[in-house]
Amino acid sequence: MDNANIREIRIDPIVPTQSVLISTARGNRPRRDEAPPARDERAFVETCPFCRGNEDLTPPVAYQVPARDEWEIRVVKNPFPILADDQLPPGLPPGIQQVIEGYGHHEVIIDHFNHGIALHQFSERHLALLFTVYRDRMRFLYNADPRIKYILVFKNFGKSAGGSMAHTHSQLIAMPIVPHNVYDEVQSSLLFYKKSGACIFCTLINEAMTLETTAYDRRDGEKLQNYETAKYLVERGRKFVAVKPFASRYEWEVHILPMEHQGNFLEAGADDFADLARVLRRTMARLHAVVGELQYNYFLHTLPHQENSSDFADSFHWHLEICPRTSIPSGFELGSGLFVNSISPEEAAAKLRRVVIED
Ligand SMILES: [Zn+2]
Ligand SMILES: [Zn+2]
Ligand SMILES: [Zn+2]
């Protein structure tokens, strides 16, 4: 891999209205001055409401596994919900402003009873359980409340990633709209499907996993160029793959997807989660080895509720987006909507691949 400076605008293949400026020249990106604060590695903190034994410090339990005995994963209502079901409908505003009732549910999923554990230190059994809890909570809320159009599952870890509680946890927000990031992906992939008959995510996975392709001249069959195309692969399991997006917004952004087409996360089963757990744990270990103490967000993108018509189910492909936070968005990024990434995705993927993971 040559280390020449890249300065190019890459169009996101899935949502072409989004683009990223890959600019690897040094010093053009505001960095965090201080090293991230050390993670609190204590297993138990007496004053932490999410620690086992402090259950009376949180709202009542909504769900837990196992149902009896000491819990491993525990779900409670968020005491400071972004959306909730306790408000009166808004009055009609005058003019062109529009309001949709801020109705919904906001839950906290306490990922692990261990206060300071990092994701790459979770057992694979526990990680698989966590994704099972995500799925089962989503199923429950969709069934219980027909007004919900989308449920976003996400995780903020570390202060720079908006994690307000040190104890490892995820969140789930059930909302009365489909958020536009999901909507854009769903619509763009449907468009691609209608043109080409293929799922764009499957197409990108195929490309990411092809070791080498050769381009031939169309007229005389002469070999033009060899492309090394597996350069976006980070980790590969039996059923899941971790890839570095070609138009990565964040330096160390990695996406994990099922290799076989699957539109809806709610259809994933135990065998899927067992392999997802392995691919996720190993991916997080790679990131940890290269970036250091990680502060990150991850979130699940899947089909909106009741978009199971066959076109959507064939054109969309659920995935987990992992976005480590290593820099602060600049005014340029906020003003232009153009993310700036100072590490070439090809080089970042190569670095992550080189990490040797103990099994
Ligand atoms: Zn705790
Ligand atoms: Zn697909
Ligand atoms: Zn997505």
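Above: the structure in question.
Residues numbered from 1 in each chain as written. Chains lettered and ligands numbered in written order. Predicted model: local features only at pLDDT ≥ 70, side-chain atom pairs only at ≥ 80, totals over all residues.

**Description of the environment of C51**
Then comes step 1: Inspection of the secondary structure assignment puts C51 in the loop between strand 2 (19-23) and strand 3 (61-65).
Then comes step 2: In this structure, C51 is in contact with F44, V45, H115 and H167, ignoring residues within four places of it in sequence. (Helix = DSSP H or I, 4+ residues; strand = E, 2+ residues; numbered from the N terminus. Contact = placed C-beta atoms within 7 Å.)

**Quick look at helix 3 (residues 200-209)**
Then comes step 1: Every buried residue belonging to helix 3 is among I200, F201, I205 and A208, and all of these are buried. The arc that holds every buried residue of helix 3, seen down its axis, measures 140°, which confines them to one face.
Then comes step 2: In this structure, the buried side of helix 3 is in contact with helix 2 (180-196), strand 10 (233-236), strand 11 (240-243), strand 12 (254-258) and strand 14 (319-324). (Buried ≥ 20, exposed ≤ 12 C-beta atoms within 10 Å, placed from the backbone. Arc of directions from axis to C-beta.)

**Observations concerning the pairing of strand 2**
Then comes step 1: In the sheet, strand 1 (residues 7-11) pairs with strand 2 via five bridges, with the strands oriented antiparallel. Looking across to strand 2, one finds that I11 is bridged to S19.
Then comes step 2: Of the strand pairs in this sheet, strand 2 and strand 15 (residues 339-341) are connected by three bridges, and their pairing is parallel. Within strand 15, the position partnered with I22 by the bridge is N341. (Pairing = 2+ DSSP bridges.)

**As for unusual backbone geometry**
Then comes step 1: In this structure, the amide linkage connecting V65 to the following residue, P66, adopts the cis form with an omega of -15°.
Then comes step 2: Assignment of secondary structure puts P66 in the loop between strand 3 and strand 4 (73-77).
Then comes step 3: Unlike most non-glycine residues, D69 shows phi in positive territory, near 65°.
Then comes step 4: Its place among the elements puts D69 in the loop between strand 3 and strand 4.

**Re the sheet that holds strand 2**
Then comes step 1: Within the open sheet, the three strands sit side by side as 1-2-15. Their pairing is mixed. Edge strands, defined here as strands with exactly one partner in the open sheet, are strand 1 and strand 15. Neighbour to neighbour, the strand axes of the sheet diverge by 25° on average, direction disregarded. (Axes fitted to C-alpha atoms, helices over the stretch in contact; angles between N-to-C directions.)

**Considering helix 7 (residues 345-354)**
Then comes step 1: Restricting attention to buried positions, one finds in helix 7 the residues P345, A348, A349 and L352. When helix 7 is viewed along its axis, its buried side chains cluster within an angular range of 100° and face the same direction.
Then comes step 2: Those residues of helix 7 that are buried lie in contact with strand 10 and helix 4 (270-291).

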